[in-house]
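# Structural description and commentary
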Amino acid sequence: MKILVCISHVPDTTSKINFTENDTKFDTTGVQYVINPNDEFGLTRAMWFKEKQGASVDVVTVGGKDTEPTIRKALAIGADTAHRIDTIPLDGFQVAKELAKVAKDGEYDLIIAGRESIDYNGGMVPGMLAKLIGANFINTCVSLEIDGEAATAVREIDGGKETLKSSLPLVIGGQKGLVEESDLKIPNMRGIMMARKKPLNVVEPLSAETQTEAKNFRKPEPKGEVTLVDADNLDKLIDLLHNEAKAI
Amino acid sequence: MSVLVYTESENGKLKKVAYEVASFAKGIADLMGTSVTAVTINAENVDELKTYGVEKVLKVSHDKLSKFNADAYAEVITQASKKEEAKVVVVSQSANAKYLAPLLSVNLNAGYASNVVALPKLDDGFVVERTAFTNKAFNMTSISTDVRVLGLSNNAFGLKENEVSLSEEDFSPELTDDNFKINVKSVDKNKDKVSIADAEVVVSAGRGMKGPENWGMIEELADVLGAATACSKPVSDMGWRSHGEHVGQTGKPVASNLYIAIGISGAIQHLAGISASKNKVVINTDPEAPFFKAADYGIVGDAFEVVPQLIEKLKEFKANNS
Ligand SMILES: Cc1cc2nc3c(=O)[nH]c(=O)nc-3n(C[C@H](O)[C@H](O)[C@H](O)COP(=O)(O)OP(=O)(O)OC[C@H]3O[C@@H](n4cnc5c(N)ncnc54)[C@H](O)[C@@H]3O)c2cc1C
Ligand SMILES: Nc1ncnc2c1ncn2[C@@H]1O[C@H](COP(=O)(O)O)[C@@H](O)[C@H]1O
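Predicted model only: the values in this text are computed from it and were never measured. Residue numbering note: each chain is counted from 1, following its sequence as written. In the order they appear in the text, chains get letters beginning with A and ligands get numbers beginning with 1. Where local features are concerned, this predicted model is filtered to residues with pLDDT of at least 70; where side-chain atom pairs are given and counted, the filter is 80 or more; whole-chain, interface and lining totals use all residues. Side-chain calculation: all heavy atoms of the structure are included, whereas hydrogens and water are not.

Before going further, it helps to spend a moment on the sheet that holds strand S13 (residues 200-203) of chain A. Any two strands with at least two DSSP bridges between them are considered paired. Only DSSP runs of H or I covering at least 4 residues are called helices, and only runs of E covering at least 2 are called strands; the numbering of each starts at the N terminus. Taken in spatial order, the 10 strands make up an open sheet running S13(A)-S7(A)-S6(A)-S1(A)-S8(A)-S12(A)-S9(A)-S10(A)-S11(A)-S12(B), and their pairing is mixed. Each end of this open sheet is capped by a strand with a single partner; those strands are S13 of chain A together with strand S12 (182-189) of chain B. The average undirected angle you get between the axes of adjacent strands in this sheet is 30°. In this structure, strand S11 (residues 160-167) of chain A lies alongside S12 of chain B, joined through 7 bridges in antiparallel fashion. Along S12 of chain B, the bridge assignment pairs Glu162 of chain A with Val187 of chain B. On the sheet, helix H1 (residues 37-53) of chain A packs against strand S1 (2-6), strand S6 (56-62), strand S8 (110-114), strand S9 (136-147) and strand S12 (170-174) of chain A and is oriented at approximately 20° with respect to S9 of chain A. Should any heavy atoms of two residues lie within 4.5 Å, those residues are counted as being in contact. To obtain an axis, a line is fitted to C-alpha atoms, over the contacting stretch when the element is a helix, and the angle between two such axes runs from 0 to 180 degrees between their N-to-C directions. Contacts between helix H3 (residues 92-106) of chain A and the sheet are confined to S1, S6, strand S7 (81-85), S8 and S13 of chain A, with S6 of chain A contributing the most and set at about 155° to the helix.

Now the structure itself:
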């Protein structure tokens, strides 16, 4: 089985979110970049398929040279080969088109992406990619088993879960649940050393078109002070929630 | 050249979110000088949509569509959009709508903007405001394609009444076996509980509850309020509650009208996921907990004392106000 894991390179969850150039660009000053958390769960699940079912695991990212430490980390965790499509990601459609080329050329059986990237929260790339290459697609995937040519997956729905059967090739939008938090691996020294020798292919982009453009940003209005209510005066809280907030 | 809206239903009944996306679609149609057509799948009574500005409903009834199937549903909406020559297609951001929207966007060769929070601006192209960085910012996104798909964030627009007259039309899309390559084997849905996505009120608890055995009062509080229950990430990581309840940046987003956080410190990753909620209440023993900076109402106190009293008071309140 050939697996491709799509990795997006995103600001760490604790990053300060600020903008520069008249609020048109994300301010990267002091920002640490990581593997998108949803992709890290997927990558770890891919490692399981590698160990237990002899799968090969490639990783791919669309991004500039600055994303290389992030995909090197994926190699250190255990992926076999990395591909970096050498262009700046501009929108979900462009990224999906670039990924589609690598996905097609590599004839992967399973493509693992994340439910969403935590930067733009687009939630677009995996579904678009699946449609572009004619593969099946399962989103918000929290469990995945592969048996020969068939996949059994569980996806999260509003208020529950659903179990699905699909043929391959399959693209998933994965998230926590694919593996547990405690299964996530921090690369060890050996992994890091080995990663240096693993291939990192720089792929020429197609220069795919975009459909959307991120213009200026703004931050939410600063919040007013909290209204404190005494623990012995819960009637007051109920009154505020009813009359002021109109929430109950 | 109308605005098309996909209005979701469950067991034949339109969901509340259907009226919200319809209200939003009507807002766009007014800006563009056109009207709103809705497409429904296996919905029975669709008349109520007229209250929210829908002039025409394409009603699809199909046995094979009785269970949600993203590819087939996306195909239905695609064919409805083409028939109506829609320039804008509006969907919600329910789990199902988020699943089908990227497929729909490729089918229609339409740019897609998710998590939209306001009506588009049309004076310079087609520009929508959406959330980014998990609610830590908003971004203006312009869409350059001729057709656009918009995913409206839950509770971002609200219901706007706008009565019009409505006509219904049966619509039979052409579906092939290719649209049904994924099969649903089983659905495991808690029928008596509100889901976090649909809930007006969410009662959420964290590590301050000390252990899973103490969740009885959280469930009871949720019950009194007709609320969904949720939790912080460590609580689901430790297996005290199911993963489906984990909210925050790496869990589910919450955009409810009221969010009550009990024994949750208010870490940045937690707050990011819930900041779209309108009213936030925190109950925490530690007055320095960061949640107090993000909340509208706060009680410094021990959950084990405050919550049972709050349940009693709310029961009284509900009895007097219903
Ligand atoms: C990459 C990454 C992603 C993350 N994503 C998420 C996410 O999506 N969602 C999320 O929630 N977290 C997330 N986290 C974790 C987050 O950083 C915090 O660790 C977590 O939110 C803390 O959970 P908590 O508030 O339940 O626990 P704690 O921080 O331990 O807080 C417990 C609180 O309970 C209070 N308390 C104790 N006893 C009582 C009592 N008797 N009555 C009332 N209050 C009491 C304490 O004062 C304290 O404030 C993420 C972390 C990382 C690194
Ligand atoms: N630049 C990128 N390179 C590789 N994969 C990406 C990229 N952007 C997004 N993805 C994949 O698509 C998923 C969803 O991203 P998004 O649609 O941007 O929210 C991510 O979790 C990744 O798996």
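One heavy atom within 4 Å of a molecule or strand is enough for the residue carrying it to be called near that molecule or strand. With respect to spatial proximity, 28 residues lie near ligand 1, and among them Ser232, Ser265, Gln269, His270 and Asn284 of chain B are the closest. More than one chain approaches ligand 1, the contributing ones being chains A and B. In protein, a polar contact requires one atom able to donate a hydrogen and another able to accept it; more generally it is a pair of N or O atoms within 3.5 Å, and residues adjacent in sequence count only if both atoms are side-chain atoms. Between ligand 1 and Gln269 of chain B there is a distance of 2.7 Å, counted from an oxygen atom to a side-chain nitrogen or oxygen. Side-chain polar atom of His270 of chain B to an oxygen atom of ligand 1: 2.7 Å apart, as the coordinates give it. Each accessible area is a Shrake-Rupley estimate made with a 1.4 Å probe; only the visible protein chains count as cover when residues are assessed. Protein coverage of the free-state accessible area of ligand 1, which is 990 Å², stands at 77%. Contributions of two or more residues to the shell around ligand 1 are made by helix H5 (233-237), helix H6 (268-274), strand S16 (279-284) and helix H8 (303-320) of chain B. Gly falls in the polar group here, along with every residue not listed as nonpolar (Ala, Val, Leu, Ile, Met, Phe, Trp, Tyr, Cys, Pro) or charged (Asp, Glu, Lys, Arg). Its residues placed into classes, the shell around ligand 1 shows 7 nonpolar, 16 polar and 5 charged.

On to helix H2 (residues 68-77) of chain A, then. Between buried and exposed lies partly exposed: a residue is buried under 20% and exposed over 50% of the maximum accessible area for its type, with that area taken using a 1.4 Å probe on protein chains only. Across the 10 residues of H2 of chain A, 7 count as buried, placing the element largely inside the fold. One or two positions beyond H2 of chain A, positive phi appears at Gly78 of chain A, with a value near 140°.

Another point: the site of ligand 2. All names here are of chain A. Around ligand 2 sit 20 residues, and of these Asp39, Val62, Ser117, Gly123 and Met124 come closest. In this structure, Gly122 approaches ligand 2 through a main-chain N or O atom, which is 3.2 Å from an oxygen atom. Contact distances for ligand 2 include 2.8 Å between an oxygen atom and a backbone N or O atom of Val125. Within the complex, 94% of the 480 Å² of free accessible area of ligand 2 lies under protein. Mapped onto the shell around ligand 2, the elements with two or more residues apiece are S6, H3, S8 and helix H4 (125-133). Looking at the shell around ligand 2, the element that brings in the most residues is S6, giving 3 residues.

Below, the discussion takes up the side chain of Thr70 of chain A. Residues and elements named next belong to chain A. Position of Thr70 among the secondary structure elements: in helix H2. Engagement of the side chain of Thr70 in a polar contact is seen with the side chain of His9, the distance being 2.6 Å. Every residue in contact with Thr70, bar those within four places of it in the chain, is listed here: Ile7, His9, Val34 and Ile35.

What follows covers empty space enclosed by the protein. Grid points spaced at 1 Å over the protein atoms alone were grouped into cavities, where a 1.4 Å probe fits but cannot get out, and pockets, open sets with protein on both sides within 12 Å along at least five of seven lines, with lining residues defined by an atom within 4 Å of a point. Grid points are joined across faces, edges and corners, and a volume is the space filled by probe spheres set on the points. In this structure the tally under the stated criterion is 3 cavities of 30 Å³ or more. Of the voids in this model, the largest cavity is the one considered here, and its volume is about 70 Å³. Looking at the largest cavity, the residues that line it are Arg115, Glu156, Gln175 and Lys176 of chain A together with His243, His246, Thr250, Gly251 and Lys252 of chain B. In terms of residue class, the lining of the largest cavity is made up of no nonpolar, 5 polar and 4 charged. There is about 50 Å³ of room inside the second largest cavity. In terms of lining residues, the second largest cavity is bounded by Pro11, Asp12, Thr13, Ile17, Ile118 and Asp119 of chain A together with Phe133, Lys136 and Gln249 of chain B. Residue composition of the lining of the second largest cavity, grouped by class: 4 nonpolar, 2 polar and 3 charged.

Okay, the UniProt feature "domain: Electron transfer flavoprotein alpha/beta-subunit N-terminal" (unreviewed entry) in chain B next. UniProt records the feature "domain: Electron transfer flavoprotein alpha/beta-subunit N-terminal" (unreviewed entry) for residues 3-184 of chain B in the present numbering. Between the first and last C-alpha atoms of residues 3-184 of chain B the distance is 31 Å; the span itself is 25% helix and 31% strand. UniProt positions are given in the numbering used here, feature names are shortened, and annotations may be inferred rather than shown by experiment.

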